[in-house]
Number of protein chains: 2
Amino acid sequence: MSKTEDQPRKELQELGEFGLIDHLTRNFKTVQHSTLKGVGDDAAVITASEEEVLLLTTDLLIEGIHFDLMYVPLRHLGYKAVMVNLSDIYAMNGTPRQITVSIAISNRFSLEAVEELYAGIRLACSRYGVDLVGGDTSSSHAGLYLSVTATGTALKEEVVYRHGAQENDLIFVSGDLGSAYVGLLLLEREKKVFEANPDMQPDFENVDYLLERQLKPEARRDIIELLKELNITPTSMIDISDGLASELHHICKQSNKGCTIYEDKLPIDPLTFEHAVAFSIDPTTAAMNGGEDYELLFTISQKDYDKIKERLEVTPIGHITDAASGLQLISKKGVVYPIQAQGWNHLKNN
Amino acid sequence: MSKTEDQPRKELQELGEFGLIDHLTRNFKTVQHSTLKGVGDDAAVITASEEEVLLLTTDLLIEGIHFDLMYVPLRHLGYKAVMVNLSDIYAMNGTPRQITVSIAISNRFSLEAVEELYAGIRLACSRYGVDLVGGDTSSSHAGLYLSVTATGTALKEEVVYRHGAQENDLIFVSGDLGSAYVGLLLLEREKKVFEANPDMQPDFENVDYLLERQLKPEARRDIIELLKELNITPTSMIDISDGLASELHHICKQSNKGCTIYEDKLPIDPLTFEHAVAFSIDPTTAAMNGGEDYELLFTISQKDYDKIKERLEVTPIGHITDAASGLQLISKKGVVYPIQAQGWNHLKNN
């Protein structure tokens, strides 16, 4: 792309994160026969053997952008950095196997601080049975940078992509939505109180669940195991890291479909509801656009509904429609709203 | 590790990069059967199928630590970021297949700047036949952060580790050493001249080779192909990223051996020699500790010597000894010096 004097400099924020990735990678061609799926799903899919594929995913976590060390304990940060990657492997219906961890740290961190970070990484590895197999370590001029890559495996015919949703498929989510976001609001509020008056103790009574959802999410291995146990292969799946609305857009765009979901079906924890309202935030907005839930969003064929309908771990929230119908949210009052993908956009937020 | 009041805070610099990695990862156990080699070689080695293994390596490149955008063109940076990872795959005697690229960028970068970076990445991918299959994009508060991960494959019995060197094996290096370091010195000198007087034009006459070695290294795929063609499997191998001395220490430590190398055998380009002397730096020091050569250091059995002795791409520089003899450099005057691993230590340099 050539720059002429008539064209103003293009700002990164105009494109947004997904737009930028699309833009930068559109001219790349894949040449390796083993590359079954490159950019554009929760993980890349690479042929490993006749029957098996390798899954590969990577995430970058940056101090001041993705986390605030004023209220994120380093041990939790290490744990969460692994979880967000394992969540991507589960979202492909795979089993995580190995991770690499690269860190850049400034001189303000002591050895003990870095040990705390690695204690969290080790706990995550041991709970989920994954091996730390490599990484890189460097200093940074300011702040902490964490780059985690995870591998996973899956049988070739069991990989679930974002692009497989079919009309009339049912849309499910695991767990509940919006809690991690409300947990973040609580942490941010208490940070402001503390900054104004360092003698104040934080007011975190009875909100453990919300704080845990923000600080120590768990990747939903249990849901993948449940689906296997029920003999259900989802037609499409994605993990909810940027908010339900954003993930529905990915599923629908890549499947070339639309969807209808129902506000009254959205699984929102009563505590999340209560505290969202206290922050004057619509709980539905927290659920749709909050982000960092690390739940799974998946679609199944109607024929599989009876197998799963009694299971409390997952909630049906709507169904897939044709592309022309777009993405719709039916409110509790029966009003139809188009679903906007606000999501977390770290480039726009800056 | 518990901290008591008697123990002063431990600084990261005291451990150095390799010490820190060893320290942080020593409590990690591997549980996956597929993990053949975790932390501690150029790449992790993971079982992919009966015959084949997956190789996995990752590197972090940070503005102001690993590169200076005042003289590193973004296109070259993108190219080099891929090369340093492919070099690690070749160092395992493998074939690179896929990469992921994560970047964090501040608002000072325009879209055009990021496009330049990706143009370099794309050129590297197309020249070396590797696929870009994923990554992550984020904003940063300051500076550019690049995290690249590469996969490769190799036949299980053809993987070459750092730990296989045997007594009396011959030690070879590809290409020449110290040029990238002298190239860096030239770039730093001209930067200072420019900062003092922005009207001065940089004096880069007849030093293209040195600048290229620093700015646009090539991973030595040709050496891996040569070894295959000659039907030689090295007993150990490593890529020279931190300087020959540091890499010899890795090979000897992991093989539980010593080594003797000869100063007069070190391949140093005449241009490198000339400019090192002009900078009042011993060319041997540049070759031993300069770093960023991205050449291959490998050991072969004496029985393979006749097959390779005529090849100009590689140079025999010494041989492997028993561990008790330590690591020795025999100077041109016949004086024996112990080899210190200074290398690049980004943690200590800060």
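Conventions and cut-offs
- The residue numbering used here restarts from 1 in each chain and proceeds along that chain's sequence as written.
- Just so you know, chain letters begin at A and ligand numbers begin at 1, following the order they were written in.
- Totals for whole chains, interfaces and linings use all residues, but because this is a predicted model, local features are given only for residues with pLDDT of at least 70 and pairs of side-chain atoms are given and counted only at 80 or more.
- Excluded from the side-chain calculations are hydrogens and water; all other atoms, namely the structure's heavy atoms, are used.
- Only Phe, Tyr and Trp rings take part, Trp by its six-membered ring, and two of them pair if their centres are within 6.5 Å. Stacked means planes under 30 degrees apart, edge-to-face means over 60, and tilted covers everything else.
- Numbered from the N terminus, helices here are DSSP runs of H or I no shorter than four residues, and strands are runs of E no shorter than two.
- Partly exposed describes any residue whose relative accessible area lies between the buried limit of under 20% and the exposed limit of over 50%, with all areas from a 1.4 Å probe on protein chains only and scaled to the type maximum.
- For a Lys NZ or an Arg CZ to count as sitting over a ring, it must be within 6 Å of the ring centre and within 35 degrees of the ring normal.
- Each pair of strands is called paired provided DSSP finds at least two bridges between the two strands.
- Axis geometry follows a simple rule: fit a line to the C-alpha atoms, using only the stretch in contact for helices, then measure angles between N-to-C directions, giving values from 0 to 180 degrees.
- A pairing counts as a salt bridge when a side-chain nitrogen of Lys or Arg comes within 4 Å of a carboxyl oxygen of Asp or Glu.
- We call a set of buried Ala, Val, Leu, Ile, Met, Phe, Trp, Tyr and Cys residues a nonpolar core when their side-chain atoms join them within 4.5 Å.
- Contact definition: two residues touch when any of their heavy atoms are within 4.5 Å.

A. Representation of the packing of aromatic side chains in the model. Scanning all chains against the criterion turns up 7 aromatic pairs over all chains. For the pair F28 of chain A and Y118 of chain B, a centre-to-centre distance of 6.3 Å together with 80 degrees between the ring planes defines the contact as edge-to-face. Taken together, the positions of F28 of chain A in the loop between α1 (12–25) and β1 (35–37) and Y118 of chain B in helix α3 (residues 111–128) put the pair across two chains. Take F28 of chain A and Y118 of chain B: they sit in the same class, and that class is buried. Between Y145 of chain A and Y145 of chain B the ring centres are 3.4 Å apart and the planes differ by 5 degrees, which places this aromatic pair in the stacked class. Residue Y145 of chain A is located in strand β6 (residues 145–155), and its partner Y145 of chain B is located in strand β6 (residues 145–155); the two belong to separate chains. When sorted by exposure, Y145 of chain A lands in the same class as Y145 of chain B, which is buried. The aromatic ring of F28 of chain B is capped on one face by R122 of chain A, whose charged end is 6.0 Å from the ring centroid. The ring of Y128 of chain A has R221 of chain A sitting right over it, with the charged end atom 4.6 Å from the ring centre.

B. Structural context of the sheet that holds strand β12 (residues 327–330) of chain B. Residues and elements named next belong to chain B. Taken in spatial order, the 7 strands line up as β8-β10-β7-β11-β9-β12-β13 in an open sheet, and their pairing is mixed. Of all strands in the sheet, those with a lone pairing partner are β8 (236–240) and β13 (336–338), marking the two edges. For this sheet, the mean angle separating the axes of adjacent strands, direction not counted, is 25 degrees. Inspection of the sheet shows strand β7 (residues 170–174) paired to strand β10 (residues 295–300) by 4 bridges, in the antiparallel sense. Its bridge partner being in β10, V173 is matched across the sheet by L297.

C. Structural view of the pattern of salt bridges. All names here are of chain A. Using the criterion set out here, one finds 36 salt bridges over all chains in the structure. Here K253 makes a salt bridge to D22, at a shortest N to O gap of 3.9 Å. Residue K253 is located in helix α7 (residues 244–255), and its partner D22 is located in helix α1; the two are separated by 231 residues in the primary sequence. According to the relative accessible area criterion, K253 is exposed, its value standing at 66%. Counted as one network, the salt bridges with shared partners bring together R213, R220, D222 and E295.

D. Representation of the nonpolar core in the model. By size, the foremost hydrophobic cluster in this structure holds 73 residues, and its most contacted members are L86, I99, Y118 and F298 of chain B. The contacts of I99 of chain B, once residues within four sequence positions are left out, are V82, L86, I121, C125, V130, D131, L132, V133, G134, V148, T149 and A150 of chain B. L74, L146 and L226 of chain A together with L24 of chain B belong to the second largest nonpolar core, which has 72 residues in total.

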